[in-house]
Amino acid sequence: MARDHVIKINISGASLKGFLSPNLHFISSLQELILHGNVLISTIPREIGLLKNLKVLDLGSNQLIGPIPLELGNLTNIIKMLVNLQSNGLTGKLPAELGDLKYLQELRLDRNKLKGTLPASNGSNLTSSARGMYVSGAKPTGLCRLSQLRVADFSFNFFFGSIPKCLDYLSKSSFQGNCLQAEDSRQRSTALCGDTPPAKNHSTQSNNKHRLVEGRAKNQSASKPTWLLALEVVTGVIAGSLLLVAILTAIQKCKNKSSIIIPWKKSASEKDHMTVYVDTEMLKDVLRYNRQELEVACEDFSNIIGSSPDSLVYKGTIKGGPEIAVISLCIKEEQWTAYLELCFQKEMAELARINHENTAKFLGYCRESSPFTRMLVFEYASNGTLNEHLHYGEGCQLSWTRRMKIVIGIAKGLKYLHSELDSPFTISELNSNSVYLTEDFSPKLVDFESWKSIIARSEKNSGAISSEGVCVLPNSLESRHLDIQGNIYAFGVLLLEIMTGRPPYCKDKGCLVVAKEFLDVPEVLPYVVDPELKHFKYEDLKVICEVVNLCIHPNCSSRTSIKDLCARLESNIDTSITAELKASSLAWAELALSS
C-alpha cells in the first residue's frame, strides 16, 4: 500500500522494540498512530508535528525518554484528538504549545518524570465553567486554551505550583502523585519532590528580597569603619591564595595520574585529541577482553539476541569458559565524549561490585579505538528470559511452585541490590525481559539498559569537559541514578505478570495493573490465575496479592521496602517439592515432564 493512503497504524501490545523514526512524517495522510504497550525507548521525534491529519496519537506504556517536543502544538487542524503519552520516562517541562491543539479532547501524561509548573493561565478577569469553557476577559494561555478538553491526567509526575483554575473541573485524581500545592493530600512527600520552587509570588518575593539585601549592603558598607574594611580585604587575599594553592595541587596530582588519549577527530594533530583521566584503581579488578576474542566467541557478532537504538546484545561462548551475553554500544567515535568515557568506567565499577546468586555476573568489558568499541560482558543464563517463557514458550514449564521460586529469587536479588550493597544499585528497566533463567529456572536479574543512564548523564553534563582536554577526578562524577521506589512498583507489576500469565499491557484487555481491583475479592482470585496452570495454591495466591498491593500503592511513601516484602514472601510461601505434591494429585507427573 502506498504511504499516501495509510491512514492508521495500530500496533499495540506487540512487544515491539526499537525507536520512533523521524521519517514517520512522510506518511502525510496518517490519522491515527497507536503504538501503545510496546518497548519503544527513543525520544519522540519532533517531525511528528508535521502530520497535519493526525487525530489520535497513542504512545502510552512504552519506555520513551526525553522531552515532549513543542512541535506537537503544530497539529492545529485536528478534530477530536487524543494524545496519550502515559507510563513512559518523559522528562522536562510540559510545552505551553500544547494549548494550540484547540480541538484536543483527551490528554494523558500520567506516570512520567515531567517537571515544572502546569503551563496554564486564565488571563485577567477570566473564569471557567464546570466543563472548562471560558466566560470573558483577556485571552487564556497554555492549557487554558483547550476549551474542548474533557479528559486529562497529569498524575505521578513532578509538577509543582498550583492547579490552574481552568482545570478545576477535572478529577482530583488527575493531579495526584505530584508536588503541587493542593488540598488533596495525595501528593509526593517533600523528600521525593526535592528542591521545587514555591508556587506563588516567587519572582516578586525574590526581587524584593534581593532589593532588601542590596539596600542593607549599601547601608552597612557606608557605616563600616576603616579598620573593618582593611580586615576584610586581608581576609579575602588570604582566602584567594589558599584557593589558588589548592587548584595548583589538584592540577599537579592530575599530571601524575595515568591517562589515555582517545581520538576526538580522525586527525594526526595532537590538538584533535582529548586527554581522558582513567582511574586504574577503580578498574583494577575488572577483566578487560579484546575485541577479537569476543568476535570469535559471538560467531563474528552474528548471534544477536537483543537490540535497541542504543545497543546490540550478542550471545557467545568463551573458549574453555562460560556462555556470555555481550552488550555493544551503538555510537560513533566522533560522538563519544570524555564525559561518556568516564561514565562508562564508573558504570563498569558499579557492575563489578555486584555478586549474588540472583543477579547476572558481570565478567568484564572491551574498550578499543580501532575499530571503536565499547562493550560489557555478562555471564549468560542459558534458559532465556522470563518474558519468553511466560508469553512465547510452553506454559506448563512454569508450574506454580516454579513460579513462586522465581518470585522469591527476584525478591532476594532486589533485596541484595537495594539494602545489602553500599551504596544501593537499581535495575534501570525492571520487567520480565530483565529476568534471565538458568537451566534449573533460577532467576538472574540483569541490567542491559544501563547504557541509558550513561548516555543520560553525558547529555546532562556535556559541557563539563572542554575539547582541549581537562583532568576530571572520578568523585566529581554524578552518582548513578537510583529509583528504588520505581523498582518496587515494577516488581509488583512483574508479580501480576507471573501470576496471570498476561503481559503488562495487551490490546484486548488493557493495562494489567487494572487487575488490582480484583485482588481483594476472594471469589474472583482463582479466575485471574494463568489458565496454563493446572493447579495452584490459594494460600500462596493471597500472599502474592498482598505483596502486589503493597508494591503498586499510588503513594510512594506507603510502599513497603523490598527487605520486608522479601521476608513476607519467604516466610509465607512453601516452594518445596513436597508442597507441590500436596497441592495436586497430578503434580508429580507435571514435575517429571518439566524437569
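Residues numbered from 1 in each chain as written. Predicted model: local features only at pLDDT ≥ 70, side-chain atom pairs only at ≥ 80, totals over all residues. Heavy atoms only, no water.

Within an unreviewed UniProt entry, the label attached to the protein chain reads Protein kinase domain-containing protein, and the organism entered is Anisodus tanguticus. UniProt lists a comment for the protein chain under the heading Subcellular location (unreviewed entry), and it reads "Endomembrane system". (UniProt positions renumbered as here; feature names shortened; annotations may be inferred.)

Engineer: Quick rundown of the layout of surface pockets? Include the residues and the values.
Structural biologist: In this structure, the second largest pocket occupies an estimated 530 Å³ of space. What lines the second largest pocket is a set of 28 residues, and nearest its centre among them are Lys17, Gly306, Asn433, Tyr436 and Glu449. Within the residue set of the lining of the second largest pocket, elements represented by two or more residues are strand E2 (17-18), strand E19 (304-307), strand E20 (311-317) and helix H6 (386-391). Of the residues belonging to the lining of the second largest pocket, the class tally is 10 nonpolar, 13 polar and 5 charged. (1 Å grid on protein atoms, 1.4 Å probe; cavity = no way out; pocket = protein on both sides within 12 Å on 5 of 7 lines; lining within 4 Å. Points joined across faces, edges and corners; volume = space filled by probe spheres on them. Helix = DSSP H or I, 4+ residues; strand = E, 2+ residues; numbered from the N terminus. Nonpolar A, V, L, I, M, F, W, Y, C, P; charged D, E, K, R; others polar.)

Engineer: Can you break down the environment of Gln105 residue by residue, with the values?
Structural biologist: Within the element layout of this structure, Gln105 appears in strand E9 (residues 104-108). On the basis of relative accessible area, Gln105 is assigned to the partly exposed category, the value being 31%. Measuring from C-alpha to C-alpha, the distance between Gln105 and Gln148 comes to 5.3 Å, with 43 residues separating the pair along the chain. (Buried < 20%, exposed > 50% of the residue type's maximum accessible area, 1.4 Å probe, protein only.)

Engineer: Which residues make up the state of the cysteines, and what are the values?
Structural biologist: This structure, assessed with the given rule, holds 2 disulfides. Across a sulfur-sulfur distance of 2.0 Å, Cys144 and Cys166 are joined as a disulfide pair. Taking the torsion about the sulfur-sulfur bond, which here is approximately -80°, the covalent link between Cys144 and Cys166 counts as left-handed. Here Cys144 is found in the loop between strand E12 (141-142) and strand E13 (151-153), whereas its partner Cys166 is found in the loop between strand E14 (158-161) and strand E15 (179-180), with 22 residues between them in sequence. For the pair formed by Cys144 and Cys166, the shared burial category is buried. (Disulfide = S-S within 2.5 Å.)

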